[in-house]
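Survey of secondary and tertiary structure
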2 protein chains.
Amino acid sequence: MSRFWSDIVHRLVPYVPGEQPALAHPVKLNTNENPYPPSPRVLDAIRAELAGADGSGESLRRYPDPLAKALRATVAAHHGLRPDQVFVGNGSDEVLAHAFQALLKHDKPILFPDISYSFYPTYARLYEVEFNTVPLDDRFEIRVDDYLAQNTPNGGVIFPNPNAPTGHVLPLAEVERLIAGNPDSVVIVDEAYVDFGAQSAIALIDRYPNLLVVHTTSKSRSLAGMRVGFAFGHADLIQALNRVKDSFNSYPLDRLAQAAAAAAYADVDYFEATCARVIASRTRLTASLEALGFEVVPSAANFVFAKHPAHDAADISAKLRAQEIFVRHFNAPRINQHLRISIGTDAECDTLVAALKAIVG
Amino acid sequence: MSRFWSDIVHRLVPYVPGEQPALAHPVKLNTNENPYPPSPRVLDAIRAELAGADGSGESLRRYPDPLAKALRATVAAHHGLRPDQVFVGNGSDEVLAHAFQALLKHDKPILFPDISYSFYPTYARLYEVEFNTVPLDDRFEIRVDDYLAQNTPNGGVIFPNPNAPTGHVLPLAEVERLIAGNPDSVVIVDEAYVDFGAQSAIALIDRYPNLLVVHTTSKSRSLAGMRVGFAFGHADLIQALNRVKDSFNSYPLDRLAQAAAAAAYADVDYFEATCARVIASRTRLTASLEALGFEVVPSAANFVFAKHPAHDAADISAKLRAQEIFVRHFNAPRINQHLRISIGTDAECDTLVAALKAIVG
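Residues numbered from 1 in each chain as written. Chains lettered and ligands numbered in written order. Predicted model: local features only at pLDDT ≥ 70, side-chain atom pairs only at ≥ 80, totals over all residues. Heavy atoms only, no water.

Notes on the pattern of salt bridges
Threshold: Here a salt bridge means any side-chain nitrogen of Lys or Arg lying within 4 Å of a carboxyl oxygen belonging to Asp or Glu. Secondary structure elements follow DSSP: runs of H or I of four or more residues count as helices, runs of E of two or more count as strands, with numbering from the N terminus. Think of it in three bands: with a 1.4 Å probe and only protein chains considered, a residue is buried below 20% of the maximum accessible area for its type, exposed above 50%, and partly exposed in between.
The final tally for this structure, using the stated rule, is 40 salt bridges over all chains. Across the pair Arg3 of chain B and Asp184 of chain A runs a salt bridge whose closest N-O atoms are separated by 2.7 Å. Separated into two different chains, Arg3 of chain B in the segment before α1 (7-11) and Asp184 of chain A in the loop between α6 (172-180) and β6 (187-190) make up a pair that spans both. Residue Arg3 of chain B shares its accessibility class with Asp184 of chain A, and that shared class is exposed. We note a salt bridge from Asp145 of chain B to Arg177 of chain B, for which the minimum N-O separation is 2.7 Å. You can see Asp145 of chain B sitting in the loop between β4 (131-134) and β5 (157-160) and its partner Arg177 of chain B sitting in helix α6 (residues 172-180), a full 32 residues away along the chain. Judged by relative accessible area, which is 40%, Asp145 of chain B ranks as partly exposed. Since its relative accessible area comes to 35%, Arg177 of chain B is described here as partly exposed. Salt bridges sharing partners connect three or more residues here, namely Asp145, Glu174 and Arg177 of chain A.

Structural notes on the interface of chain B and chain A
Selection criterion: Any two residues having at least one pair of non-hydrogen atoms within 4.5 Å are treated as being in contact. What counts as buried area is the accessible surface, traced by a 1.4 Å probe, that two parts surrender upon association, with contributions from both included.
Opposite the 87 residues of chain B that make contact, chain A presents 88 residues. Both faces combined, the contact of chain B with chain A buries some 7,300 Å², and carbon together with sulfur accounts for 56% of it. On the chain B side of the interface with chain A, the three residues burying the most area are Phe4, Arg61 and Tyr63 of chain B, jointly 12% of the side's total. One can count 2 salt bridges joining chain B with chain A. Mapped by element, the contributors of at least two residues to the side of chain B that touches chain A are α1, α2 (40-51), α4 (91-103), α5 (120-126), α7 (235-245) and α8 (255-266) of chain B.

Observations regarding the environment of Asp137 of chain B
All names here are of chain B. Keep this limit in mind: Two N or O atoms count as a polar contact when they lie within 3.5 Å, although within protein this holds only if one can serve as hydrogen donor and the other as acceptor, and sequence-adjacent residues are included solely when both atoms are side-chain atoms.
Inspection of the secondary structure puts Asp137 in the loop between β4 and β5. If near-sequence neighbours (up to four positions away) are discounted, Asp137 is found in contact with Arg143 and Arg334. Within polar-contact distance, the side chain of Asp137 engages the backbone nitrogen of Arg139 at 2.8 Å.

Points about unusual backbone geometry
With omega at 5°, the peptide bond leading from Ala164 of chain A into Pro165 of chain A counts as cis. In this structure, Pro165 of chain A sits in the loop between β5 (157-160) and α6. Even without a glycine there, the phi angle at Phe140 of chain A is positive, about 60°. As for its position among the elements, Phe140 of chain A is in the loop between β4 (131-134) and β5. At Ser222 of chain B, a residue that is not glycine, the phi angle is positive and equals roughly 60°. A relative accessible area of 1% places Ser222 of chain B in the buried class.

What about the packing of aromatic side chains?
All names here are of chain A. Spelled out, the test is: Stacked, edge-to-face and tilted are the three classes for Phe, Tyr and Trp ring pairs, Trp counted by its six-membered ring, which pair at centre distances within 6.5 Å; planes under 30 degrees apart are stacked, over 60 edge-to-face, the rest tilted. Think of it as a cone above the ring: NZ of Lys or CZ of Arg counts as a charge over the ring if it is within 6 Å of the ring centre and within 35 degrees of the ring normal.
In this structure the tally under the stated criterion is 29 aromatic pairs over all chains. Joined through ring pairs, the aromatic side chains of Tyr15, Phe100, Phe112, Tyr117, Phe119, Tyr120, Tyr123 and Phe131 make up one cluster. Seen from the ring of Tyr36, Arg277 lies directly overhead, with NZ or CZ sitting 3.9 Å from the centre. Note that Arg340 overlies the ring of Phe303, its terminal NZ or CZ placed 5.7 Å from the centroid.

A short note on the UniProt feature "modified residue: N6-(pyridoxal phosphate)lysine" (unreviewed entry) in chain A
As a reminder of what qualifies: UniProt positions are given in the numbering used here, feature names are shortened, and annotations may be inferred rather than shown by experiment.
UniProt tags Lys219 of chain A as "modified residue: N6-(pyridoxal phosphate)lysine" (unreviewed entry). Dropping the residues within four chain positions of it, Lys219 of chain A is found in contact with Thr31, Asn32, Asn34, Ala192, Tyr193, Phe196 and Asn302 of chain A together with Tyr63 of chain B. Among the polar contacts listed, one links the side chain of Lys219 of chain A to the backbone oxygen of Thr31 of chain A, at a separation of 3.4 Å.

Concerning the sheet that holds strand β9 (residues 295-296) of chain A
Residues and elements named next belong to chain A. Going by this rule: For two strands to count as paired, DSSP must find a minimum of two bridges between them. Comment: axis = line fitted to C-alpha atoms, over the contacting stretch for helices; angle = value between 0 and 180 degrees taken between N-to-C directions.
If you walk across this open sheet you meet the 3 strands as β9-β10-β12, and the pairing is antiparallel. Looking at which strands have only one partner, the edges of the open sheet turn out to be β9 and β12 (338-342). The strands touched by helix α9 (residues 268-291) are β9, β10 (303-307) and β12; relative to β10, the strand with the most contacts, the crossing angle is about 10°.

Written out as structure tokens, the structure reads:
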């Protein structure tokens, strides 16, 4: 606390990211990182950018392209969009922050699920955006009717699909009904986990000028360490994000991040193979957890959300942590008996299952 | 324009960065980049981080340290500070943006010079911070008396030192008088160019809890391409910035940027030699420009600000541009007859001088 702080600083409730343990070999299943490294082409692209035309590292002394034109063109082509339908930011968290300020701050409260990405209320407080949370049903599913403007007038809607931390996916037809039912406000579909088993709403962009879809390279493209995220939508929405971005930081993506992300999108075979491996491991881990008595929410993400009817989740998490196995526990209403477990390699999942067996078996 | 835009988006006046020409070999003296590449140790550090422990590129799949502890410790030690007196952001532009929101938004208008970094009014509009500009004197110098709270009650003060785009430096004793004369508001000294010939206000931090000093690696450490900036000040001020940062983006610096910046600070010899070369080239370029009849503002930065009494600045800039020589011209009151010329290599400066000789000679 300080008299030099702006009023808003006193009212903030900062987001708390998952722990980054400083251990040599943790089994780290707490922040939904990909268990596999990025495509080898990513490393080649970074090394080439780093070397510069003459091998001197010359490129780093120069500002990056503030518009990330090459990267946006690559990603637009990948998704069948035009570059002016693509915004890129310093991780999808920055993209979401700009979207709250640029597109969700209106006269009415915005809506998001009560169980959802816990950064949303933080953004709302930062930009003084009023919000109401809408309860998921008892199976942790979004009820689209609760979000339709005719039922709940709103200043915007945002939700992850698949949802976090549940992993539950809303079918695309239901996503479309939600978008179509809010013609006068922006609907943001946060698809951080879409590549692990859901259908993207990108296919709806040309029909709905109020739709913004947010993606990240941190999960399915194994680039959490490089901080690159995207928004896709009507050019008018993208322009709003660019106006905020150009009033905040002209150059949010460094040269190596731009090169890395473009290379990751270019290697479609590697991307598809990696996603398939994670999905297969999810199936396998789910079966193992169920065999130990866990109830597992059906997941279309690179994590599962599980509870044990006879053991306290915080207690399980603490016992795992003592063995340098990290999962995520949220001390929040309705979900404080669940654990969110990222899908690791099969070997990491086996280590986890063995430890859980000793705890709950 | 779109009905989906928040009110604030309509009112923004985005900053326009200097052009990044897509040419193979431009003489690029328009964005104050360093003419020399970063220390070879920077490239080594990036390659080591990229390889990861096992050479697989493993590190990139993991989130970076959200607190950048290793980098902050290195930079704190370099400046004789504690890590809790150091904030790091995605370029000094992001640091400044957070500072406007966290520390300059109060009941009274903030003050900055009428001729100054043109991003300041943009930030102010983004966060709805009222501001008044204070005219520099006829020699483009800051008059400290104009900024003292007893003369001009204010909600904060920000100014670059050396100033941009003039290059003029305010002596440290005058900087201190300005800080001491505003005990109830935050004074931000934006020292992007300090390493090219000015004394840093970092020396004053332990005496003034209202002082924030902002630095960048983009100029003197040749890392414009990597986007790393800092704020130094009392731990209370740093905490305010962290609260905003953690409500905006947990991981603003990617792994390679953190490694690069730490290595750049570790190589003091390279840093000092590079700054000395730029300073020597500035002296040489200033003499050449004066020989052509230009009036050059005394500069302590890696650029000079010059006007020719007989030739229109926009016209000179256009003629240079036609030869793929880029300098910066601001079409703004009081300075529209000046050119801001970044210090290049001596060879680049010679090319510029030869072209200018043909234009004004």
